Amino acid sequence: NYTAYLLVQQGHDVHVFEDHDVIGKPIQCTGLMTASLHDVFMPANEYITNVTEHIEVIAPQGNKVSLNAKEYIVDRALFDQALARQAQDAGAHYHLGHRFVSKRGDALVFKKSNETVEFVTDILVGADGANSMVAKLLNPARQRQYCVGIQARVRGLFDSNKYTVFFDNAISPGFFAWIVPEDDTVARVGLKGTAGDFQAFLAKFGYSQIEMQSGPIPVYDPQYATEKDGVYLVGDAATQVKATTAGGIIPGLKAAQCLADALKHGDSYEKRWKRKIGRDLWLHLKIRRMLDAFTDDDWNRFIQLVGQAHVKTVFEQHDREKPWKLMKVLFREPRFLWFGRRLFY
């Protein structure tokens, strides 16, 4: 939707083909974004569900660290729909219920109900998510890697001013669990793990489930092709996702800007987005590989170090969109080097 808006502003005749009949649904996203969203545009109240001011990090042994950090929690369906309206108001044409099937020369082939529809274009942008069909045109033999998050909206009692992260292999092996409040009584709760892990987590706090919201999340692949012969990939389709947190909204929005700029100036989209976000995504991937090897003792030690005032300050000054800036903690607290010994292996 954001790519469509940027391209139609440049004078392109833009047509958006959406697989589903309703934009933004089904929801498969926590809808949590850092204040770095301001680097792209100012968020609007129409889709903001909550704004938290603190992140509570909980270690396996129960130790807690609270970080001051503003986070936007959006209704992902309303967010997508707002960006779609913006694109339509600018002149983009939308075609709902069209599933992309293949590309034959300049013709795109879609399935709409039981009909086959063709559309001729000179530029094709695949912004079609984790299971992108367009991505297979550029990477027919390369296997994508995924992690699968399980999330539900639940009822309970919550502090609406903070979201909580649990680093505990007994809860979410090799990843983390989260509680993201929409308000004092409803939150989005999830983890990476099995259905049994998830149900045990809900039962631990006595939460009652409202609706499920889960799906596959691509792991960033630096070798994944994202442009060739007028075909481009943006967002999850391009694996432009932070491997540490599985967040991809802000990287995808920034990549959309890179694509618009590349088409405007006639240069390489892939070089542009890799200059803008590629180094950060690469470091996220390296950090994820390090974290995958953490034991609960590692997490206890790591979070204890994060709780020190001189380290907290660095984490509060730089959000997770900019991991290279967070490397400043190594100068504030050299004991972090013990964890980073695997980063560049």
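Once that is clear, we can look at the overall build of the protein chain. Helices and strands together make up the secondary structure of the protein chain, namely 10 helices and 17 strands. Compactness check: the protein chain gives a C-alpha radius of gyration of 21 Å against a globular reference of 20 Å for 345 residues, within 12% of the reference. Taken along its principal axes, the extent of the C-alpha atoms in the protein chain is 60 × 45 × 35 Å. Residue burial in the protein chain is summarised as follows: out of 345 residues, 50% are buried. For the protein chain, the share of sequence-separated contacts (at least 6 apart) that also reach a separation of at least 24 residues comes to 68%.

In terms of nonpolar packing, the biggest core is built from 43 residues, with Tyr2, Phe41, Phe79, Tyr94, Leu253 and Tyr269 touching the most fellow members. With 9 residues, helix H5 (residues 249–265) is the single largest residue contributor to this core. Discounting chain neighbours no more than four positions away, the residues touching Tyr269 are Thr226, Glu227, Tyr232, Leu233, Val234, Gln240, Ala255, Cys258, Leu259 and Ala262. Within the second largest apolar cluster, 35 residues are counted, among which are Ala69, Cys147, Met327 and Phe339.

Here the structure, examined in full by the defined rule, presents 22 aromatic pairs. Ring centres 4.9 Å apart and planes at 85° place the aromatic pair Tyr47 and Phe79 in the edge-to-face group. Placement of the pair is Tyr47 in the loop between strand E2 (32–34) and strand E3 (48–58) and Phe79 in helix H2 (residues 76–90), with a sequence separation of 32 residues. Cluster of aromatic residues (ring-pair linked, three or more members): Phe167, Phe175, Phe176, Trp178, Phe294, Trp299 and Phe302.

Topologically, Arg288 is positioned in helix H6 (residues 269–292). A polar side-chain atom of Arg288 sits 3.1 Å from the main-chain carbonyl oxygen of Ala243. Apart from the residues lying within four places of it in its own chain, the contact partners of Arg288 are Gly174, Phe175, Phe176, Ala243 and Thr244.

Basis of the calculations
- Residues numbered from 1 in each chain as written.
- Predicted model: local features only at pLDDT ≥ 70, side-chain atom pairs only at ≥ 80, totals over all residues.
- Heavy atoms only, no water.
- Helix = DSSP H or I, 4+ residues; strand = E, 2+ residues; numbered from the N terminus.
- Rg over C-alpha atoms; globule rule 2.2 N^0.38 Å.
- Buried < 20%, exposed > 50% of the residue type's maximum accessible area, 1.4 Å probe, protein only.
- Contact = heavy atoms within 4.5 Å.
- Core = buried A, V, L, I, M, F, W, Y, C linked by side-chain atoms within 4.5 Å.
- Phe/Tyr/Trp six-rings, centres within 6.5 Å; stacked < 30°, edge-to-face > 60°.
- Polar contact = N/O pair within 3.5 Å; in protein donor to acceptor, adjacent residues only side chain to side chain.

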